[in-house]
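What the coordinates show
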Amino acid sequence: MAERRTAAWYAGTDRDAYIHRAWMRRGIPDDSFTGRPHIAICNTASDLSPCNAHLNQVSAAVKNGIWAAGGVPLDMPIISLGETQLRPTAMLFRNLAAMAAEELIRANPVDGVVLLGGCDKTVPSLLMGAASVDLPTIMLNGGPMLTGNYRGRPMGCGTDIWRLSEEMRGGALSVADFVASEQDMIRSAGHCNTMGTASTMGIMAEALGMTLPGSAGTPAPDARLLKFAHATGRRIVEMVDEDLKPSHILTRAAFLNAIVALAAVGGSTNAVVHLLAIAGRVGADLKLTDFDEHGSHLPLLVNLQPAGKYLMDDLFRAGGLLAVLNQVRDLLSDDAITVTGQPLSSHLDGHEISDSAVIATRDHPVQAEAGIAVLRGNLAPDGAIIKPAAASPGLLTHRGRAVVFENIEDLHARIDDPDLDIDQTCVIVLRGAGPKGYPGMPEVANTPLPAKLLAKGVRDMVRICDGRMSGTAYGTVVLHVCPEAAAGGPLGKVRDGDFIVLDVPNRTLRLDVADDELAEREVSPRTAATFAEPSRGYERLYLNHVMQADTGADLDFLVGSSGSAVPRESH
Ligand code: FES
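The paragraphs below set out a description of the structure included in this document.

Thresholds applied
- Residues numbered from 1 in each chain as written.
- Predicted model: local features only at pLDDT ≥ 70, side-chain atom pairs only at ≥ 80, totals over all residues.
- Heavy atoms only, no water.
- Helix = DSSP H or I, 4+ residues; strand = E, 2+ residues; numbered from the N terminus.
- Buried < 20%, exposed > 50% of the residue type's maximum accessible area, 1.4 Å probe, protein only.
- Contact = heavy atoms within 4.5 Å.
- Pairing = 2+ DSSP bridges.
- Axes fitted to C-alpha atoms, helices over the stretch in contact; angles between N-to-C directions.
- Left-handed = near helix turned anticlockwise from the far one by under 90°.
- Nonpolar A, V, L, I, M, F, W, Y, C, P; charged D, E, K, R; others polar.
- Phe/Tyr/Trp six-rings, centres within 6.5 Å; stacked < 30°, edge-to-face > 60°.
- Lys NZ or Arg CZ within 6 Å of the ring centre and 35° of its normal.
- Salt bridge = Lys/Arg side-chain N within 4 Å of Asp/Glu carboxyl O.
- Disulfide = S-S within 2.5 Å.

1. A short note on the overall build of the protein chain
From N to C terminus, the protein chain includes 20 helices and 14 strands. A principal-axis box enclosing the C-alpha atoms of the protein chain has dimensions of 80 × 55 × 45 Å. With 571 residues in all, the protein chain has 61% of them scored as buried. For the protein chain, the share of sequence-separated contacts (at least 6 apart) that also reach a separation of at least 24 residues comes to 76%.

In structure tokens:
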């Protein structure tokens, strides 16, 4: 057996090994330092990250599995990002959390890693950080919460908030009823139960091969989550002995499998920026156009909010991700292995659909074509994306007059102004919401519609933004416009009254302004004036180094891997 990485800390009789061992002797067995693999459990439990608050219980079950397999489990808290709580936006800190995970894994005496995430940014940040170290790694998602219930009607976390708040603003729902529904939405531990970003990233982790097959989407309160936790603990010990690393698993083929899964489940647009960032850490050849080329013509098989009706515990009882993937088995690459050492497709036998209202068959899909469409044109030279399954079909080809907002505050201040010159054929342009412009690329692209149009029954309009959209949201929203306005992109040159042409079937997004006129236009002075330049701290570092969305919005110096070499001794 090859020498453990931890031997660099614990082997020998010198003073340094004495120090390393002595400080760890707090109840662990004496033979813990004689070659048993030490496993860090990167635990993002936090009371301020409520979707992950139950992960200490999950960690305990993982620990039992590690002990049972002969390893030594070590809880290692990692920066946790509570999507609903963090200001100005959790996305600003995804790269900080990834950097913390990477540095802590590398700096500590560990041979293998278990990643425990759940809420939106915790899964991608852990995968990014662990990929850049490349020790044997397995992930377990904390699972979705149970379905909410408001006055006898199932309630989806996130999606129904957007729906109810629009109904309230349009006068169809009283403020008292809106507030009353708040009590009924969150019934249990776990992350959002729609096919939002957290559910999507849990599924992406499994489709990439980084979790035990079948574990994604196990509801947080379900006893089977703890069974998977125990099995995850056992498996990481074996993976250390097999030296099975993220670089063996996270290949281009694995990312293309994830794109197939993303389309089949109708996953969040946020997966695009996260998968690109993870791929960047392992050098996998993944481009924005891959999402369109390999995913946009695939059928939508899962009838979940926000595109459909059901919620995550429905998906799990209907057969879960493996039943979905069994329907598109022929599209999955056998070249990509999972944490089991076997291809994902080898784990699909016997996984059938048990409720075809939730999971559709390939022959009778929920929609014939799902996935992400990548748009280009003079308004998005480096690309923009749209999720056609969540859009209004009648708006996928549209020409409309631009109504421009410089930032989210400008939008909030004016969107409900009765004198705002806007009708339902207009195109709402929101800029100043990209990685640099906000900064942090918040989920604001699914802008509220003007109250006066809501009152007339309008429920969707074309919206264009350099920011992101919540995975629980829906609408005809063009996102991730690159380059963003703050990076000098043409979105910053749009003026009120310009006409914009959206043509999703032909994948174009165009400002109907002559090329020479557009070239001569400066970025709007109002736009430039809204960009706040932080003077210090992490935000300053972020602003200096963040990349655009089409390459994952990672920090440029974090792309790639520094490996797991043992750092120098300081004693
Ligand atoms: Fe945590 Fe939605 S807020 S998953």
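There is more to say after this.
2. Some details on the sheet that holds strand β1 (residues 38-43)
What the four strands build is an open sheet, ordered β2-β1-β3-β4; its pairing is parallel. One side of each edge strand has no neighbouring strand; the edge strands of this open sheet are β2 (72-77) and β4 (137-141). Across the sheet, the mean angle from the axis of one strand to that of its neighbour is 20 degrees, orientation sign disregarded. Where strand β3 (residues 112-117) and β4 come together, five bridges link them in parallel fashion.

3. A closer look at the environment of D355
Along the chain, D355 turns up in the loop between α15 (320-327) and β7 (373-377). For D355, the contacting residues outside a window of four places in its chain are R317 and A318.

4. Points about the packing of helix α4 (residues 94-107) against helix α12 (residues 270-282)
Packing of α4 against α12 leaves a shortest axis separation of 13 Å and a crossing angle of 30 degrees. Along this stretch, α4 crosses α12, giving a crossing that reads as right-handed. Mapping the contact onto sequence places R94, A98 and E102 in α4 and V273, H274, A277 and R281 in α12. Residue classes in the contact of α4 with α12 are distributed as three nonpolar, one polar and three charged.

5. Description of the pairing of strand β8 (residues 380-386)
Here β8 lies mainly inside the structure; five of its seven residues are buried. Bridge count for β7 against β8 is four bridges, and the pairing is antiparallel. Among the inter-strand pairings, L375 is bridged to a residue of β8, identified as A384. Here β7 folds back onto β8 in antiparallel fashion, the turn holding two residues. Relative to strand β12 (residues 477-482), β8 runs antiparallel, the two being bridged by two bridges. Across the sheet, residue I385 finds its bridge partner in β12, namely L479.

6. Here we look at the packing of aromatic side chains
Scanning the entire structure with this criterion turns up three aromatic pairs. Here a set of aromatic residues connected by ring pairs shows up, and it is made of F93, Y538 and Y542. Geometry around F228 places K227 over its ring, the cationic atom sitting 5.0 Å from the centre.

7. Observations regarding the pattern of salt bridges
This structure, assessed with the given rule, holds 34 salt bridges. Between R235 and E242 there is a salt bridge, with the nearest N and O atoms lying 2.6 Å from each other. Of the residues examined, R235 reaches a relative accessible area of 9% and is grouped as buried. Residue classification places E242 among the partly exposed positions, given a relative accessible area of 45%. Across the salt bridge formed by D512 and R510, the nearest N and O atoms sit 3.5 Å from each other. A residue is classified by how much of its surface remains accessible, and R510, at 37% relative accessible area, is partly exposed. A cluster of three or more residues bridged by salt bridges with shared partners is formed by E102, E103, R106, R281 and D554.

8. Things to note about the state of the cysteines
What makes a disulfide is a covalent bond joining the sulfur atoms belonging to two cysteines. Under the criterion given, the structure shown has zero disulfides. C482 takes part in no disulfide bond, and the closest cysteine sulfur, belonging to C465, lies 11 Å away. The exposure class of C482 is buried, given its relative accessible area of 1%.

9. Concerning the pairing of β3
Where burial is concerned, most of β3 is hidden: six out of the six residues are buried. Here β3 shows a buried face lined by G112, V114 and L116 and a second buried face lined by V113, L115 and G117. Sheet analysis places β1 next to β3, joined by five bridges and oriented parallel. Bridge assignment links C42 to a residue of β3, and that residue is L115.

10. Here's the deal with the side chain of N193
Within the secondary structure, N193 is located in the loop between α7 (175-181) and α8 (197-208). Residue N193 is classed as buried on the basis of its relative accessible area, which comes to 0%. In contact with N193, not counting residues within four places along its chain, are P144, M145, L146, T147, G148, M155, G156, C157, S199, L311 and M312.

11. Structural notes on helix α13 (residues 288-295)
Every buried residue of α13 is accounted for by L288, D290, F291, D292 and G295. Along its buried surface, α13 packs onto α11 (252-265), α12, β7 and β8.

12. Points about unusual backbone geometry
Cis geometry marks the peptide bond from R87 to P88, where omega comes out at 5 degrees. Position of P88 relative to the elements: it lies in the loop between β2 and α4. With an omega of -5 degrees, the peptide bond between Y438 and P439 qualifies as cis. Mapped onto the secondary structure, P439 falls in the loop between β10 (427-430) and α17 (451-454). One non-glycine residue with positive phi stands out, namely R151, at about 50 degrees. Looking at the secondary structure, you find R151 in the loop between β5 (148-150) and β6 (153-155). The exposure class of R151 is exposed, given its relative accessible area of 59%.

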